[in-house]
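Survey of secondary and tertiary structure
Okay, here's what each chain looks like letter by letter:
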Amino acid sequence: FDEVYYGQFVSLYMKRVFFIDDSGPPLGHMILALGYLGGFDGNFVWNRIGAYPGGVSVWSLRLLPALCGALCVPLVYLLTLELKFSHLSALGAALLNALIVQSRFMLLESVLIFFTLLAFFSYLRFHNAPASWSRYGWLLLSGVSCAAAVVKYMGVFSYLLLVGVASVHTWNLIGDRAVSHVVPVLLYVLWFYVHLSLLNHSGPHDQLMSSAFQASLQGGLSRITQGQPLEVAYGSQVTLRSSASKPVPCWLHSHRANYPIYENGRGSSHQQQVTCYPFKDVNNWWIIKHPGQELVVDTPPRPVHHGDVIQLVHGMTSRLLNHDVAAPMSPHAQEVTGYMDFNVSMPAQNLWRVDVTNREAESEVWKTILSEVRLVHVNTSAVLKLSGVSLPDWGFRQLEVVAEKHFKSHSSSLVWTVEEHRYGTQEQKEREAELHSPTHIDVDRKISFWAKFVELQWKMLTVKQEASEHKYSSAPFEWITMETNIAYWLHAATNAQIHLIGNPLSWGVANLSLLAYQLLAAVYLLRRRRGFKDLPDQRFVLLGCVCVGGWSVNFVPFLLMDRTLFLYHYLPALCYLYLLSPALLEHVHTHLLAVLLSVFLSYWTFCPLTYGTPELSANQLQALKWRDSWDILYHRR
């Protein structure tokens, strides 16, 4: 089912359309997108799981993950040898049913595991090689592999572990450590440079980005904002977009509806509602007015500067932005309204000071798209803010806007950006016609790569995908006991099927070896305190650093994540245990060959669910259901 997820991104790459995937940097999608070499053109609609017509070259999209999965076998073998264990132990580390299944699909786990293993192997090869200039080639390869391992952000933890191991090994080789750090960082930035250079068209995730970022993409917002005046002037007609992307991007908005008496009986101002609306609408337009002057742009236009005091007039209703009583959903803040004169003792409080937060000088001019602005109420020093709370039905479920005195100075919910901008006329009817049909001139405006890079990093780390239940989702502790499996494929007419399922024997031995290593380490430490030195070399310590440490950094973070998780998330951590178990068996001089033969027999038993062949009968499938929680599929005949 995740092929549909990644397939959509590959299609967007083919069309050079911008998107965001919060699972990791763009290298993984670039690797999958190389499927265009096999004839994939990106026009396939990924709307059905596993349903691919003959004209779609799915094999080319699956080729590189399969190649990475296959290369993991010799890498595990060589890595075990670099840890100074025997060829037999190295052979025993290479049988992993679940990785075979995962690497046969258009998924990134095999790519992540391959580059992680390559990074550790290259570093240990560098560390174990005799002193020569040629060994630095292995260090360089380790740095490149570390950068490539971050196809998902989980790869960062393996990189930090490798840096820790290298720091213990080489305290004095400052230059070596610099190479291993600089190369991954440079390559990480390079992936994004290529990514942003290729994806220069407007896409489905534009709204998550700032107005300046959107305007740099072809199509979408850039078609609307091209040719706009750069400097906001008195009399300008503008739309104000909140810089906060949560819960959804939205624009300052007002409409012909008043605040009612609230449900708890608390009184309101009964003034015109001001909200934040997540769609383009004519009621999103506002006019920047100089206090005491007309709603018209001077000739030449008089720009608004940082620190100037303005009034905001709603374009369609001519109501002045104002605030007075406690807000409806956030009573600690104040209500924001469009002022209506009811001939009562309620003085207008409609003066706002412009605070350009990203200004380069105190006299900075307020600029379209580029300036980030806070609007500070002159009377109370409260700041216009998107609270993010949805209003009840009387507010049409739009988002609440408030004025708040106690605020975090760097909160994006306090910042607004002029997105659409034009110089308008004075007459209300003419102004309404202009707002319904703005004109455009062909002018290009770009932001730098570094500005886009920093913004994209922040969005990838902070934009949270909604967690959802899935038939095959699971909890991390269920992975250790192999409580779950994932059915990937079932033949339409027979019982032939493919499951993401582990080799039960090797899976159990691997997890028991984790516990056994910790117990042995505790025994060795206690005996060392009593003067017994049982470890003649450092193999046991290095084995723990790499394997136990690798398992920890790839498993523990999932315990802290609030997202939908699946069994395949455990594969990177499990690979380290597959390295650990045969090496630990060799360390304690157990009958390693007998254990390996048993593991191979278990591997062979589950091959029909790994490769989808041969077809098994219902009784044979039932015999493979070693745990009641496994979901084995049958055709009714």
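Predicted model only: the values in this text are computed from it and were never measured.

About the cut-offs
- Residues numbered from 1 in each chain as written.
- Predicted model: local features only at pLDDT ≥ 70, side-chain atom pairs only at ≥ 80, totals over all residues.
- Heavy atoms only, no water.
- Helix = DSSP H or I, 4+ residues; strand = E, 2+ residues; numbered from the N terminus.
- Buried < 20%, exposed > 50% of the residue type's maximum accessible area, 1.4 Å probe, protein only.
- Contact = heavy atoms within 4.5 Å.
- Areas by Shrake-Rupley, 256 points an atom, 1.4 Å probe, with all protein chains shown as cover.
- 1 Å grid on protein atoms, 1.4 Å probe; cavity = no way out; pocket = protein on both sides within 12 Å on 5 of 7 lines; lining within 4 Å.
- Points joined across faces, edges and corners; volume = space filled by probe spheres on them.
- Nonpolar A, V, L, I, M, F, W, Y, C, P; charged D, E, K, R; others polar.
- Expected span 1.5 Å × (residues − 1).
- Core = buried A, V, L, I, M, F, W, Y, C linked by side-chain atoms within 4.5 Å.
- pLDDT = per-residue confidence, 0-100.
- Salt bridge = Lys/Arg side-chain N within 4 Å of Asp/Glu carboxyl O.
- Axes fitted to C-alpha atoms, helices over the stretch in contact; angles between N-to-C directions.
- Parallel < 35°, antiparallel > 145°, perpendicular 65-115°, else oblique.
- Left-handed = near helix turned anticlockwise from the far one by under 90°.
- UniProt positions renumbered as here; feature names shortened; annotations may be inferred.
- Pairing = 2+ DSSP bridges.
- Polar contact = N/O pair within 3.5 Å; in protein donor to acceptor, adjacent residues only side chain to side chain.

Quick look at the overall build of the protein now. Along the backbone of the protein there are 20 helices and 14 strands. Relative to its 637 residues, the protein shows a buried fraction of 53%. Long-range contacts, defined here as pairs at least 24 residues apart, represent 73% of the contacts in the protein between residues at least 6 apart. Accessible area for the protein stands at about 29000 Å²; split by element, carbon and sulfur atoms hold 60% of it.

Quick look at the layout of surface pockets now. Size it by volume and the second largest pocket reaches roughly 900 Å³. S243, E372, S412, W458 and K459 are the residues nearest the centre of the second largest pocket, which is lined by 33 residues in total. Sorting the residues of the lining of the second largest pocket by element identifies α10 (211-215), β1 (236-242) and α13 (449-462) as the ones contributing at least two each. In terms of residue count, α13 provides more of the lining of the second largest pocket than any other element does, 6 residues in total. A breakdown of the residues in the lining of the second largest pocket according to their chemical character gives 13 nonpolar, 14 polar and 6 charged.

The first and last C-alpha atoms of helix α15 (residues 504-529) sit 38 Å apart over 26 residues, in line with the 38 Å expected at 1.5 Å per residue. Buried within α15 we find P504, S506, W507, A510, N511, S513, L514, Y517 and Y524. Two residues or fewer past α15, G531 is found with a positive phi of approximately 95°.

This part takes up the nonpolar core. By size, the foremost hydrophobic cluster in this structure holds 119 residues, and its most contacted members are F18, Y488 and Y570. Residue contributions to this core peak at 13 residues, all from helix α6 (residues 109-128). Once residues within four sequence positions are removed from consideration, F18 is found in contact with L196, L199, H201, G203, P204, H205, D206, M209, F213, L217 and L456. Grouped together as the second largest cluster of nonpolar side chains are 30 residues, V232, A244, W352 and V401 included.

Taking 1.5 Å per residue, 17 residues should reach 24 Å; helix α17 (residues 571-587) reaches 24 Å between its end C-alpha atoms and fits that length. Judged by how many residues are buried, α17 sits mostly within the fold: 16 of 17 residues are covered.

Looking now at the environment of Y568. Position of Y568 relative to the elements: it lies in the loop between α16 (539-559) and α17. Sequence separation between Y568 and I501 is 67 residues; the distance between their C-alpha atoms is 9.3 Å. In this view, Y568 contacts D2, Q102, E109, I486, Y488 and L500; residues no more than four positions away in its chain are not counted.

For the rest of this paragraph, the subject is the confidence of the model for the protein. Mean pLDDT for the protein: 78, with 83% of residues reaching 70 or above. Element-level pLDDT for the protein is lowest in helix α12 (residues 428-436), with a mean of 55, against a maximum mean of 92 in strand β8 (residues 352-356). The low-confidence segment residues 174-179 (pLDDT under 50) makes 9 contacts with residues lying over four places distant or belonging to another chain.

Locating K385 in the fold gives a position in strand β10 (residues 383-390). Residue K385 is classed as buried on the basis of its relative accessible area of 17%. Not counting residues up to four positions away in its chain, the partners in contact with K385 are E400, V401, V402, E404, S413, L414 and W416.

It is worth spelling out the pattern of salt bridges at this point. Where charged atoms from two side chains of opposite charge approach closely, those side chains can pair. Under the counting rule described, the total for this entry stands at 11 salt bridges. Between D298 and R302 there is a salt bridge, and its shortest N-O distance comes to 3.6 Å. One salt bridge connects K385 with E404, and the closest N-O pair in it is separated by 3.2 Å. Taken together, the positions of K385 in strand β10 and E404 in strand β11 (residues 399-404) put the pair 19 residues apart, joining distant regions of the chain. Residues participating in the shared-partner salt-bridge network are R241, K280, E419 and E420.

Turning our attention to the packing of α15 against α16. Relative to each other, α15 and α16 sit at 140°, their axes nearing to 11 Å. Between α15 and α16, the crossing angle belongs to the class labelled oblique. Where α15 crosses over α16, the handedness of that crossing is left-handed. Residues L514, Y517, L520, A521 and Y524 of α15 touch α16, and the partners they reach there are F540, V541, L543, G544, V548 and W551. Tallied by class, the residues present in the contact of α15 with α16 amount to 10 nonpolar, 1 polar and no charged.

A few words now on the UniProt feature "transmembrane region" (unreviewed entry) in the protein. Per the UniProt entry, the sites bearing "transmembrane region" (unreviewed entry) are residues 27-46, 58-79, 108-126, 138-166, 505-527, 539-560, 566-585 and 592-611 in this numbering. Structurally, residues 505-527 is divided into 100% helix and 0% strand, and its ends, taken at the C-alpha atoms, are 32 Å apart. Structurally, residues 539-560 is divided into 95% helix and 0% strand, and its ends, taken at the C-alpha atoms, are 32 Å apart.

Right, let's talk about unusual backbone geometry for a bit. Within the chain, I369 stands out as a residue other than glycine whose phi angle is a positive 70°. Among the structural elements, I369 can be located in the loop between β8 and β9 (373-377). Residue I369 is classed as buried on the basis of its relative accessible area, which comes to 4%. With a phi angle near 65°, S381 is a residue other than glycine that sits in the positive phi range.

Most of strand β2 (residues 251-258) sits out of view: 6 of its 8 residues are buried. Note: β2 against strand β3 (residues 272-277), 5 bridges, orientation antiparallel. By the bridge assignment, W251 is partnered in β3 with Y277.

What follows is about the side chain of S330. Inspection of the secondary structure assignment puts S330 in the loop between β6 (320-326) and β7 (334-339). Side-chain polar atoms of S330 contact the side chain of E400, separated by 2.8 Å. If we skip the residues at most four places from it in the chain, S330 touches S387, V389, E400 and V402.

Once that is clear, we can look at the packing of α6 against helix α7 (residues 136-149). Packing of α6 against α7 leaves a shortest axis separation of 8 Å and a crossing angle of 160°. The angle between the axes of α6 and α7 places the two elements in the roughly antiparallel class. Considering the relative orientation of α6 and α7, their crossing is left-handed. Residues L112, F115, T116, L118, A119, F121, S122, Y123, R125 and F126 of α6 form the contact with α7, whose own contacting residues are Y136, W138, L139, L141, S142, S145, C146, A148 and A149. Grouping the constituent residues of the contact of α6 with α7 by class yields 14 nonpolar, 4 polar and 1 charged.

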